[in-house]
Amino acid sequence: MAASIPSILGRKVLPAVAVAGGGTAAFLYDGGLVFHRVEEAKGSSSAACEGPPPAATATGMGIDRASNPFLAPKLREVNLRKRMTSVGRFSLKSETEDNRSIPTFFLALSGEKKKADSDDAAMHKFPLRKVFTVDDFEDAWLASDMPGRHPRFHSTVCPVTQEHFEETHVHAEEEDEATLQIKAELDRHASETMHFSVYREDLRNRLEHMLMSPLEVSDKLWEVKISNGLLGSSGAISRAKAEALREAQREASLRRLAADARAGGSGRILSRRTTRGGLWKDAKHEAESVPMESVLLFRSHHALADGASIMAAISDLCDEAEEIRANIEMELKKWKRGGKKGPKKNFIRRMLSRLRRLMKLCLWLTLGTMRALMYQGYLQLTTRTNPFDAVREDVEKKGLVMSGRSISWCDAAPVAEAKRIASIIGKAKGASITINDLFVSCVTAAVTRQLIEHEEFMAPMESHSRKFAVPHINVVVPVHMRGGVILPDESVGNNIGAFVTRCPGEMKHDAVGGAVCPTERLHKVHQSLLGAKRSPAPLVSHYMAKFCSSYLPEEWTKAIFARSNCNASVVVSNNRGYDKKLHINGMTVESAAGFLPLPPGIPIGVVVGSYAGTMSLSVTAEKWAVPDADKFLRFVLDEYQRLRDEASKIERT
């Protein structure tokens, strides 16, 4: 029975009573108890139908409910229960009240939506055609078949076991009924809110609230808040970028008016008309020419999926989704053909080649795992305290604010420029330096300057006897097992690992950005990251999280998670986006920024992202550790500028 019901998702009405493996289930219906045969659904641990069968009769009465429209049964529902991923359970067990495991990000859209069909043209007139609404989100969700591609978005966490997802599937006779059920479900997740009135500050406060406030996972695992306003008013799109968009729109408008004037036989652009209705039409044209923006604020619990997977899944809403999936499949084919170049080998040589690769893999896993565990133990033993512990104690002593998040974001540099800087310095140092190495080096320099600022300004009279900055700091680097994409025929999930490495902290004259060459720090950071990247440390951390969530008590899991970061000062995540701008229902995604949920014990989180040829930075930090997040990002950009200057010197010589 359950296997025959289509996967149309809707809201749960009655609690389901399930019998695993098939059997008889009892349902309370209008005071009577109705028994119905339930078969186990494929791919789930339990399934149940709610409501009586069509031929059921009232208890003690000879009334045929199927022929009576007032007593006809409701739509049949099946409640499927699926076991959560181990990493998802780990995120539920390891989060605390002050450290919610809720990744958050925003998308900023501008432009006009696609031209509507004649039937819906009235709904897409100005100003609706220049703003993105909840209805647009729901339509894009259905058009992209998100319930079929990523059904976990319509799941909740079982409030009893906290280890299973619950999905409610509704049997609908008509397609319109199914669409209405899905939209009713989406209404719990998507909502419209007032736009931001104070540039950056309102958006910053709302991001802080979304990162810190709990998400009731038994009701929903994600939500999106949509707002609309004047272009550049929120800060999601920077003022410089907003001005460039306005200038491009003005130039396009002038070209259009010039073309209209030439088509009308006049060699000049006509001024405002004075004919009947002309003033109104001109005023309407001026109102329609005002550029608008739409900001979509997303947040989801880590139990649903990791942040990189969520952003990759949201890309399925874009108009270029098919092109993105085709590119992923093409890259997979190239990777599979990578080992088949050259002349075709005979059977024995192919088997020997496979055996040799298998032995190398086993050796890498065995020795690499041993080395990763030994290095983790070494970091644990040699880093007994976090450099920011002294800052925290000083803040507590002075009675300053201890709670809240300090948040900022910015566009850092063109991707091509960052690649060129890494390439020039890498050739000079004889190393293959990457963009990730470049920005991790900049972040470690910023962390050091932040510690030195605490040392100099928080305790100016005793700075000679207090030392916050240290020669080495530990850095956590998350690693996505799929390279930040969702493979074909896969849904969202928690495909995340991480490693900890030691990077240089305070170096000569870091307090004033003086004599030490920034390329020296960059080279040391590259060497530190290279060993960890080549090891199976991310795999080890991924499966350790699985083990802890499956077999250890919640208290032990939290303690292990807090200790596993080796008293790291910062976590740096690299999120690679698409090299050109994407569109949702015709509107251009102008900018995107993600914000890390801080793990327990780590005071600073930085996301290094790239999108449409631009590198972006975002920081999420404890307010007592980073009082001014904008200033912290300036520290990062200062170090980047120093590396840029050094690259220019190397190139000239």
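Residues numbered from 1 in each chain as written. Predicted model: local features only at pLDDT ≥ 70, side-chain atom pairs only at ≥ 80, totals over all residues. Heavy atoms only, no water.

A. Structural view of the sheet that holds strand β15 (residues 583–584). Strand order across the open sheet formed by 6 strands is β8-β9-β10-β5-β16-β15, with mixed pairing between neighbours. Looking at strand neighbours, the two that pair on one side only are β8 (190–192) and β15, the edges of this open sheet. Sheet topology places strand β5 (residues 104–110) next to strand β10 (residues 292–300); 7 bridges connect them, and they run antiparallel. Directly across from T104, in β10, lies its bridge partner R299. Across the sheet, helix α5 (residues 201–212) is in contact with β5, β9 (222–230), β10 and β16 (587–595); its angle to β10 comes to roughly 20°. (Pairing = 2+ DSSP bridges. Helix = DSSP H or I, 4+ residues; strand = E, 2+ residues; numbered from the N terminus. Contact = heavy atoms within 4.5 Å. Axes fitted to C-alpha atoms, helices over the stretch in contact; angles between N-to-C directions.)

B. Spotlight on a positive patch on the surface. Taken together, the side chains of R350, R354, R356, R357 and K360 make up a positively charged region of the molecular surface. The topology assignment puts R356 in helix α10 (residues 347–382). (Patch = residues over 30% accessible without salt bridge, like charges linked within 9 Å, V, L, I, M, F, W, Y side chains within 5 Å. Areas by Shrake-Rupley, 256 points an atom, 1.4 Å probe, with all protein chains shown as cover. Salt bridge = Lys/Arg side-chain N within 4 Å of Asp/Glu carboxyl O. Lys, Arg positive; Asp, Glu negative; His and termini not counted. Charge placed at Lys NZ, Arg CZ, Asp CG, Glu CD.)

C. Examining the pairing of strand β12 (residues 472–480) more closely. Strand direction decides the pairing type here: β12 and strand β13 (residues 496–504), joined by 9 bridges, are antiparallel. Directly across from H480, in β13, lies its bridge partner I496.

D. Region of the structure containing the pattern of salt bridges. Counting across every chain of the model gives 34 salt bridges. Among the salt bridges present, the one from E167 reaches K82, with a minimum N-O distance of 3.7 Å. On the criterion of sequence distance, the pair formed by E167 in strand β7 (residues 164–170) and K82 in strand β4 (residues 77–83) is long-range, its members being 85 residues apart. Using a relative accessible area of 4% as the deciding quantity, one classes E167 as buried. With a shortest N-O distance of 3.5 Å, E208 and K623 are connected by a salt bridge. Of the two residues, E208 sits in helix α5 while K623 sits in the loop between β18 (614–622) and α17 (629–652), which places them 415 residues apart along the sequence. Since its relative accessible area comes to 16%, E208 is described here as buried. (Buried < 20%, exposed > 50% of the residue type's maximum accessible area, 1.4 Å probe, protein only.)

E. Summary view of the nonpolar core. In terms of nonpolar packing, the biggest core is built from 56 residues, with F439, V447, I604 and F632 touching the most fellow members. With residues up to four places along the chain from it excluded, the contact list for F632 reads V443, A446, V447, Q450, I604, V606, V619 and V626. Among the nonpolar cores identified, the runner-up in size contains 42 residues, and V217, L221, C318 and I584 belong to it. (Core = buried A, V, L, I, M, F, W, Y, C linked by side-chain atoms within 4.5 Å.)

F. Here's a closer look at a nonpolar patch on the surface. A grouping of F347, I348, M351, L352, L355, L358, M359, L361, W364, L365, L539 and Y543 is seen on the molecular surface, where their side chains present a nonpolar patch of about 1200 Å² in accessible area. At the level of secondary structure, the elements contributing two or more residues to the nonpolar patch comprise α10 and α15 (537–551). If one sorts the elements of the nonpolar patch by residue count, α10 sits on top with 10 residues. Tracing the backbone shows F347 in helix α10.

G. The packing of helix α1 (residues 86–94) against α15, seen in detail. Running from N to C, α1 and α15 point in directions that differ by 65°, and their axes come no closer than 8 Å. The orientation of α1 with respect to α15, classified from their angle, is roughly perpendicular. For α1 against α15, the interelement crossing comes out left-handed. Contacts between α1 and α15 involve S86, V87, R89, F90 and K93 on the former and, on the latter, H542, A545, K546, C548, S549 and S550. Classifying every residue of the contact of α1 with α15 by side-chain character gives 4 nonpolar, 4 polar and 3 charged. (Parallel < 35°, antiparallel > 145°, perpendicular 65-115°, else oblique. Left-handed = near helix turned anticlockwise from the far one by under 90°. Nonpolar A, V, L, I, M, F, W, Y, C, P; charged D, E, K, R; others polar.)

H. Geometry of the packing of aromatic side chains. Summed over all chains, the structure comprises 14 aromatic pairs. For the ring pair F137 and W141, a centre distance of 5.6 Å and an interplane angle of 35° mean the geometry is tilted. One end of the pair, F137, and the other, W141, are both in helix α2 (residues 134–143), 4 residues apart, so they sit about a helical turn from each other. By relative accessible area, which is 0% here, W141 ends up buried. Seen in terms of ring centroids, W409 and F595 are 6.1 Å apart; in terms of plane orientation they differ by 90°. Their pairing is edge-to-face. Residue W409 is located in strand β11 (residues 405–414), and its partner F595 is located in strand β16; the two are separated by 186 residues in the primary sequence. (Phe/Tyr/Trp six-rings, centres within 6.5 Å; stacked < 30°, edge-to-face > 60°.)

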